[in-house]
Amino acid sequence: MTNNRDKALEGIRILDMSRVLAGPFCSMILADLGAEVIKVETPWGDDSRMFGPFYGEHSAYYRLFNRSKKGITVDLKTDQGRDTILGLAARSDVVVENFRPGVMGRLGISAQTLREINPRLIVTSISGFGQEGSLNGVPAYDLVAQAMSGLMSVTGWPGERPTRTGVSLGDLIPGLYGAVGTLGALMERQSSGKGQHVDVAMYDSLVSILESVAMRSLYETEEPVAVGNDHAMTVPFSTYAAKNGEVVIAVSNDKLFSRLASALGMDHLMEDERFATYNARVEHREETRQVLEGAIADMPVETVVAKLREHGVPTSHVASVEEAIRGSYAQERGVLFEEPDGFRTLASPLRLSGSAAPSPAPNLGEHNREIKRWLTEPPRNGNSDSRTET
């Protein structure tokens, strides 16, 4: 094998010991960038292999998050399984795991143990509440993280029950942070020659994206609450009822509002003290809504969107998932990718010369024999640069 660096992470080997979503999403991103990712599963497989829908006999969910990986089965509760992991860790650049803190230690493969046998190894741990703290051993899922982070309290409609977001941000956001942290650690290793332990918590990750909500909690007296599709700090910035559905209007300054008024033939609004300025519109939120919805009530959504876009106003209809992934613009952008066997999946949004076309997720234990042969290779812990072939 030659040292081909056409892919951004060519030559980087990742031992993926994670399961279901946060960890597999992290390692999927790294695989999309060309890293060699080894998916480690129990002999009975990752739980997500049982998640529907199915493409033939295989979970579409599992195939999405484990594309472009090689797969092996290891019983971590046996000496042989532990020795296999230790051997592979000595020959890898990164380990990704999302066990509860303490579990890997009890299995004899803690981050410290792995890094002792391979000082250049980066261990990326994704857990509910982090490696340290009073809740570090408490189990967590996306829903728990969304609840504890405060995100649920500001999602939904005013006065109604707290609402979970429509996708598992409690897993996806820490998965993204895990990939970023791993890339940062790989860069740092180039100068220090040493690996490190990257600690990512679902709770921390969701708190970190609270942006304006957190700032309002810190610097205003009233606690932020759910405001539906509105933006608490900007008006008009929401969904508005047109003749045949909802249209999104996103205006964040006076210049854009002037364009909006012109688009709707309502230039006089710029001379009305209730609407002429940013602060006035926030203060008169409901009156602004009434004026706008009165103007578009008899217009189809398509007409409203066309008028507003003609004037440079950010707007959209509310697309269904079907349209978002199969519509004309989705095809133009290539948001779907078809694998050789006809399986359609979500494409990576990373568009750079070092990204890699995905290949199908592994069958359970598909690469057991191939990867066990790697244990005869020299370990990477003595390499000056592990982006070389062994």
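Before reading further, recall that the structure is shown in the block above.
Description of the structure in this document. Along each chain, residue indices are assigned from 1 in the same order as the chain's sequence is written. Note on the predicted model: pLDDT of at least 70 is required for a residue's local features to be given, and 80 or more for side-chain atom pairs to be given and counted; whole-chain, interface and lining totals, by contrast, use all residues. In computing side-chain properties, one takes all heavy atoms of the structure into account and sets aside hydrogens as well as water.

## Focus: the side chain of Glu97
Condition: Secondary structure follows DSSP: runs of H or I at least 4 residues long count as helices, runs of E at least 2 residues long count as strands, and numbering of each begins at the N terminus. The buried label goes to any residue with under 20% of its type's maximum accessible area, the exposed label to any with over 50%, and the partly exposed label to all in between, with areas taken from a 1.4 Å probe on protein chains only. Residues counted as positive are Lys and Arg, residues counted as negative are Asp and Glu, and His and the chain ends are not counted. Between Lys or Arg on one side and Asp or Glu on the other, a salt bridge is scored when a side-chain nitrogen of the former is within 4 Å of a carboxyl oxygen of the latter. What makes two residues a contact is simply this: any of their non-hydrogen atoms within 4.5 Å.
With respect to the helices and strands, Glu97 occurs in strand S6 (residues 94–97). Buried charged residue Glu97 carries no salt bridge. Nearest counter-charge: Arg19, at 5.9 Å. Setting aside residues up to four positions removed in sequence, Glu97 forms contacts with Met17, Ser18, Met104, Thr124, Ser125 and Ile126.

## Re the packing of aromatic side chains
Where we set the bar: Working definition: a ring pair exists when centres of Phe, Tyr or Trp rings (six-membered ring for Trp) sit within 6.5 Å. Plane angles under 30 degrees give stacked, over 60 give edge-to-face, the rest tilted. A ring is scored as having a charge over it whenever the NZ atom of a lysine or the CZ atom of an arginine sits within 6 Å of its centre and within 35 degrees of its normal.
Under the criterion given, the structure shown has five aromatic pairs. Both rings, one in Phe129 and one in Tyr203, keep their centres 6.4 Å apart while their planes meet at 45°; by these two values the pair is tilted. Of this pair, Phe129 sits in the loop between strand S7 (122–127) and helix H6 (142–149) while Tyr203 sits in helix H8 (residues 202–208); the two residues are 74 residues apart in sequence, bridging distant segments of the chain. Every member of this aromatic cluster is reached through a ring pair, and the members are Phe25, Phe51, Tyr61 and Phe65. Positioned above the aromatic ring of Trp374 is the side chain of Arg13, whose terminal nitrogen or guanidinium carbon lies 4.0 Å from the ring centre.

## Quick word on the packing of helix H1 (residues 22–32) against helix H7 (residues 169–192)
Let me state the cut-off plainly: Here, axes are lines fitted to C-alpha atoms. For helices the fit covers the stretch in contact, and angles between N-to-C directions go from 0 to 180 degrees. Working rule for angles: under 35 degrees goes down as roughly parallel, over 145 as roughly antiparallel, 65 to 115 as roughly perpendicular, anything else as oblique. Here a crossing is called left-handed whenever its near helix is offset anticlockwise from the far helix by less than a right angle, and right-handed whenever the offset is clockwise.
Put simply, H1 and H7 touch, their axes get as near as 8 Å, and they point 45° apart. When the axis of H1 is compared with that of H7, the two are oblique. When the axes of H1 and H7 are compared, the crossing they make is right-handed. Along the contact surface, H1 presents Ala22, Phe25, Cys26, Ile29 and Leu30, while H7 presents Asp171, Leu172, Gly175, Leu176, Gly178, Ala179, Thr182 and Leu183.

## Structural notes on a nonpolar patch on the surface
Threshold: Patches draw on residues past 30% relative accessible area with no salt bridge. Two like charges within 9 Å are joined, as are two nonpolar side chains (Val, Leu, Ile, Met, Phe, Trp, Tyr) within 5 Å. Each accessible area is a Shrake-Rupley estimate made with a 1.4 Å probe; only the visible protein chains count as cover when residues are assessed.
Together, Leu135, Val138, Tyr141, Val144, Met148, Tyr203 and Val207 line one region of the surface with nonpolar side chains, adding up to about 590 Å² of accessible area. Secondary-structure assignment places Leu135 in the loop between S7 and H6. What makes Leu135 partly exposed here is its relative accessible area of 33%.

## Comments concerning helix H9 (residues 211–219)
In plain terms, the rule: It is the directions from the helix axis to the C-beta atoms that the arc portrays.
When we look at burial in H9, the residues that qualify are Ser212, Val213 and Arg216. Angular distribution of buried residues about the axis of H9 spans 105°; they occupy a single face of the element. More than 90 degrees from the buried face of H9, the exposed residues found are Glu211, Leu218 and Tyr219.

## Thoughts on the nonpolar core
Cut-off, in case you're wondering: By nonpolar core is meant a set of buried Ala, Val, Leu, Ile, Met, Phe, Trp, Tyr and Cys residues that side-chain atoms within 4.5 Å join together.
Leu9, Ile14, Phe25, Leu30, Ala35 and Phe65 are the most contacted members of the largest nonpolar core, which totals 26 residues. For this core, the secondary structure elements donating two or more residues are H1, helix H2 (60–65), S6, S7, H7 and strand S8 (197–201). The element best represented in this core is H1, accounting for seven residues. Those residues within four positions of Phe25 in sequence are excluded, and the remaining contacts are Phe65, Leu172, Gly175 and Leu176.

## Quick word on the sheet that holds S7
Spelled out, the test is: A pair of strands is considered paired only if DSSP assigns at least 2 bridges between the two.
Judged by pairing direction, the sheet is parallel, and its six strands sit side by side in the order S5-S2-S1-S6-S7-S8 without closing on themselves. On the outer flanks of this sheet lie strand S5 (69–73) and S8, each paired with one strand and no other. The mean inter-strand angle of the sheet, taken between neighbouring strand axes irrespective of direction, is 20°. As paired strands, S7 and S8 are joined by five bridges and run parallel to one another. The partner of Ser127 across the bridge, within S8, is Ala201. Relative to the sheet, H1 contacts strand S1 (13–16), strand S2 (36–41), S5, S6 and S7, its axis offset from that of S1 by approximately 165°.

## Examining the sheet that holds strand S9 (residues 237–242)
Strand order in this open sheet of three strands is S9-S10-S11, and the pairing throughout is antiparallel. Only two strands of the sheet have a single partner each, and these edge strands are S9 and strand S11 (315–317). Here the strands of the sheet are splayed against their neighbours by 25° on average, with no regard to which way each runs. In this sheet, S11 lies alongside strand S10 (residues 245–250) in antiparallel orientation, the contact comprising three bridges. Looking at S11, one finds that Val248 is bridged to Ser316. Packed onto the sheet, helix H13 (residues 301–310) meets S9, S10 and S11 and runs at close to 160° relative to S11.

## Describing the environment of Pro53
By the secondary structure assignment, Pro53 is in the loop between S2 and strand S3 (54–55). By relative accessible area, Pro53 is classed as exposed at 60%. A sequence separation of 141 residues divides Pro53 from Lys194, and the C-alpha atoms of the two residues are 42 Å apart. Beyond its immediate stretch of four places on either side in the chain, Pro53 contacts His58, Ser59, Ala60 and Tyr61.

## Quick word on the packing of H6 against H7
Our working rule: Residue type decides the class: Asp, Glu, Lys and Arg count as charged, Ala, Val, Leu, Ile, Met, Phe, Trp, Tyr, Cys and Pro as nonpolar, and the leftover types, Gly among them, as polar.
At their nearest, the axes of H6 and H7 sit 7 Å apart, and the two run at 85° to each other. By the angle between their axes, H6 is roughly perpendicular relative to H7. Along the contact surface, H6 presents Asp142, Ala145 and Gln146, while H7 presents Leu169, Gly170 and Asp171. Looking at side-chain class alone, the contact of H6 with H7 contains two nonpolar, two polar and two charged residues.

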